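Summary of structural features
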Amino acid sequence: MEEKQLMAIIAISAGHTKGTGALAVDGTQEYDFNSELADLTQIALEGLGHTCHILHRDPSLSYGKAMSKLADEIGRTGAVACMELHFNAASPKAHGAEFLHWFGSVRGQQLARCVADQFAHELPYVTMRGDRGVRSLWYHNYNESKAYSGRGGAYVYKTPCPAIICEPFFGSNNGDLQYCKAEIHKIAQAYALGLSNFIG
């Protein structure tokens, strides 16, 4: 008899708050895109039998305090894994997907690998940055000479379970942007399957 996969509790959130975050070249707001993606990912996860909580930053708090509050909320859900949804923005030529984990978390790295691999399978057009899409993230100034980026580090650092930050494309690159907007359901499917593979 085939072993039944363990069902689990997952927490996801759209990065930033309403009216903040990156602005894509076509005017798409980072928070708005990822709010829709969070809803679609929740549906995909629940279709796989998991419980998914969508949580949001408190817009009245500073970044550090908002992350501490969010981490506490994640802990209260009993989530075994969590992800914060974003997209990058830089120059029009910047491209690719990356999934960031806290540098000291082995399980966070495993989660990032599961999601990155599934994303690459579902959306083969997108280039994978870093180590096949996986990059470690340092928080504040632990080692600036080796830091990929300190931005957003508090989310993967403070959460009580394995955590990743998802950056599936650059909103400043219109080709990647339009492809990923058209395939938003595939992104949600990739996130859900990647999380499920991590749990299973």
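Residues numbered from 1 in each chain as written. Predicted model: local features only at pLDDT ≥ 70, side-chain atom pairs only at ≥ 80, totals over all residues. Heavy atoms only, no water.

**A short note on the sheet that holds strand E2 (residues 51-54)**
Overall, mixed pairing links the six strands, which are arranged E2-E1-E3-E6-E4-E5 in an open sheet. Looking at strand neighbours, the two that pair on one side only are E2 and strand E5 (134-137), the edges of this open sheet. On average, each strand axis in the sheet is tilted by 25° relative to the strand beside it, whichever way the strands run. In the packing of helix H3 (residues 106-122) onto the sheet, contacts are made with strand E3 (81-85), strand E4 (98-102), E5 and strand E6 (163-167), and the angle to E4 comes to roughly 170°. (Pairing = 2+ DSSP bridges. Helix = DSSP H or I, 4+ residues; strand = E, 2+ residues; numbered from the N terminus. Axes fitted to C-alpha atoms, helices over the stretch in contact; angles between N-to-C directions. Contact = heavy atoms within 4.5 Å.)

**As for the nonpolar core**
As a rule of thumb, nonpolar side chains are buried together in soluble globular proteins. Core analysis: the biggest nonpolar cluster contains 41 residues, and Leu37, Met83, Phe99, Phe119, Ile187 and Tyr191 have the highest contact counts within it. Here the element with the most residues in this core is helix H6 (residues 184-199); it accounts for nine residues. Among all residues touching Ile187, those that are not within four sequence positions of it are Phe33, Leu37, Phe119, Leu123 and Cys180. Leu100, Leu137, Ala154 and Cys161 belong to the second-largest nonpolar core, a separate cluster that totals 16 residues. (Core = buried A, V, L, I, M, F, W, Y, C linked by side-chain atoms within 4.5 Å. Buried < 20%, exposed > 50% of the residue type's maximum accessible area, 1.4 Å probe, protein only.)

**Notes on the packing of helix H1 (residues 30-47) against H6**
Between H1 and H6, whose axes approach to 8 Å, the crossing angle comes to 50°. Between H1 and H6, the interaxial angle falls into the category oblique. In terms of crossing hand, the pair formed by H1 and H6 is right-handed. Across the interface between the two elements, Phe33, Glu36, Leu37, Leu40, Thr41, Ala44 and Leu45 from H1 touch Ile184, His185, Ile187, Ala188, Gln189, Tyr191, Ala192 and Leu195 from H6. Its residues assigned to classes, the contact of H1 with H6 shows eleven nonpolar, three polar and one charged. (Parallel < 35°, antiparallel > 145°, perpendicular 65-115°, else oblique. Left-handed = near helix turned anticlockwise from the far one by under 90°. Nonpolar A, V, L, I, M, F, W, Y, C, P; charged D, E, K, R; others polar.)

**Quick look at the environment of Ala11**
Note that Ala11 resides in strand E1 (residues 9-14). Residues Ala11 and Met83 lie 72 residues apart in sequence; the distance between their C-alpha atoms is 6.7 Å. Those residues within four positions of Ala11 in sequence are excluded, and the remaining contacts are His53, Leu55, Ile74, Thr77, Ala79, Ala81, Cys82, Met83 and Tyr155.

**Observations concerning the pattern of salt bridges**
A full pass over the atoms with the stated rule returns ten salt bridges. The salt bridge involving Glu183 is made with Lys186; its shortest N-O contact spans 3.9 Å. The exposure class assigned to Glu183 is partly exposed, which follows from its relative accessible area of 22%. The class for Lys186 is partly exposed, based on a relative accessible area of 36%. (Salt bridge = Lys/Arg side-chain N within 4 Å of Asp/Glu carboxyl O.)

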